[in-house]
Structures are given as C-alpha cells and as structure tokens.
Amino acid sequence: MFDAKKILDQFLGSNMPGVGGSVKDRAGQVTQMAKDNPLASGAIAAVLLGTGTGRELTGSVLKLGGLAAIAGLGYQAYKNWQAGNQPQPVGGAPAPAQGQAAPDLLPAPAGTGFSLEDHTNNDDFALVLVRAMISAARADGHIDEAERQAILGKVKLAGLDADAEAFLTGELTNPVDLDAIIGAAKTESQKVELYTASRIAIDPDTRAERGYLDLLAGRLGLADGLIDHIEATVASAKVG
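A brief report on the enclosed structure follows. (Residues numbered from 1 in each chain as written. Predicted model: local features only at pLDDT ≥ 70, side-chain atom pairs only at ≥ 80, totals over all residues. Heavy atoms only, no water.)

Another aspect to go through is the packing of aromatic side chains. Two aromatic rings are characterised by how far apart their centres lie and by the angle between their planes. Within this structure, the stated rule accounts for three aromatic pairs. A ring pair is formed by Y78 and W81, whose centres lie 5.8 Å apart and whose planes are at 45°; its orientation type is tilted. Taken together, the residues span about one helical turn, with Y78 and W81 both in helix α6 (residues 66-82) at a distance of three residues. The exposure class assigned to Y78 is buried, which follows from its relative accessible area of 16%. Under the relative-accessibility criterion, W81 is labelled partly exposed at 29%. Relative to F114, the ring of Y78 lies with its centre 5.7 Å away and its plane at 45°, an arrangement referred to as tilted. On the criterion of sequence distance, the pair formed by Y78 in helix α6 and F114 in the loop between α6 and α7 (123-137) is long-range, its members being 36 residues apart. Among the aromatic residues, those joined into a ring-pair cluster are Y75, Y78, W81 and F114. (Phe/Tyr/Trp six-rings, centres within 6.5 Å; stacked < 30°, edge-to-face > 60°. Helix = DSSP H or I, 4+ residues; strand = E, 2+ residues; numbered from the N terminus. Buried < 20%, exposed > 50% of the residue type's maximum accessible area, 1.4 Å probe, protein only.)

Take a look at the structure:
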C-alpha cells in the first residue's frame, strides 16, 4: 500500500523544496523534478491541475506541509471558534498589512485530536483526506477526459508507485463516493480536518464549488460559526 501521508506532503509543499508559484506554476516543473528527484515531484499537484485553484499557500504552511498543515489550520480555526473569537487568519493575529508576512502556522498540540501524534491522524485518515481533496477538485465537473489523461501522464512522470497511480486513476475516473468520505470522519477533529482539506483544494469561485462545500459542511454537521472560522483561516493561508 502506498503512503497517503507522503502524497499529502507532495501536494502541500513540504516535499517540494525551492518550488514556488501557484499549483499550475508548480505543475509545469513536474517533468524536470521527476528526473531530479521523483519523491519531490509534487504529483498530487498535477491531479488538481484541472481545478480553478490558482493561489499558492503561504510559506509557513508549505514549510509545515501535508497532514500537519491541514491539521494545524483546522486546529487554529477550531480553537478560535471555541474561544468565541471573531474569525481570524493563520496565527490568530490581525491580518498582516500588504507586504508583511503572515504569522507562522504551528503544529497542533498533542492530545487535541489534531496532532500527528493523535490516533485520529493515522494513515487511513490521511488517505481519506487525499480522497476529499480530489473530490472537491472535481466539484465543478471541470476535469474532462482530455485533462484527466494529461494529469495521469504527469502522475506517471512523477514516479509514483503502481498502487498510488492506480488509486489516483480510480479517484479521477470513478464516481465520487461522498458518503464513504464523510462516514470516515468519526471525531470532531476529523470532521474539521476533512472540511479544511477540501477548502484548501479549491477556491469556491463557482456556484457548484460553493454548493459542494455547503453540502459537505451540512453533512459533517459543522456549525456555521466554525465554518466561518475555517474559511477565514484557510483563505489567509493562500496568497495571489
């Protein structure tokens, strides 16, 4: 079985040293990176090429990377919501002025349900988050057959093993099983992380994307106020 946490790392930046720009910018470098270092090629970024996502994550989120970044953003939003604060950006500080760096995103503390040390963030749930991100990326139906084949071609160049390639092929081709994705989130922290990962994958610029996120929030049973916090936290972690 392939390493789902490694795929999350590839998409969210921690295995992509020296690569900046948007998802689309990064995908243009996949071929050379695959030759230089297949494990650092960011293959999952290519999977999301067909979406409207054109923003890049901020430096501190990229540095943390993968599951830790999803969990850290989710924890920040959840903590602020529980405290009764107004929705806040990454770090819990006022939004930085133009040209200033955003506060750093820190790993979630152990025992909160959001830490990588907590049993809730095991390999099986990392796989669920990968599926959730791909499902969100497909929400507006923008990935047609030609784009799918182009994306899978880039996945092959990325040097993923056969199991990972088969998994990604299936997720891009088969109908989305939203019931299974939602049903896999058993705890409050897992539900928050699932929505956070989905929101990272897309910017809801279309009615279909916004409708998908609203449906997901409702099915997960997340409070409107908590969703507002997640939205503010993730939005502040994206630039461009």
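Next comes the rest of the account.
Spanning 15 residues, α7 covers 21 Å between terminal C-alpha atoms, matching the ideal 21 Å at 1.5 Å per step. By the criterion of burial, α7 is predominantly enclosed, with 13 of the 15 residues buried. For α7, the capping residue at the N-terminal end is N122, with a side-chain oxygen 3.3 Å from the backbone nitrogen of D124. (Expected span 1.5 Å × (residues − 1). Polar contact = N/O pair within 3.5 Å; in protein donor to acceptor, adjacent residues only side chain to side chain.)

In short, shape yes, function no, at least from these values alone.
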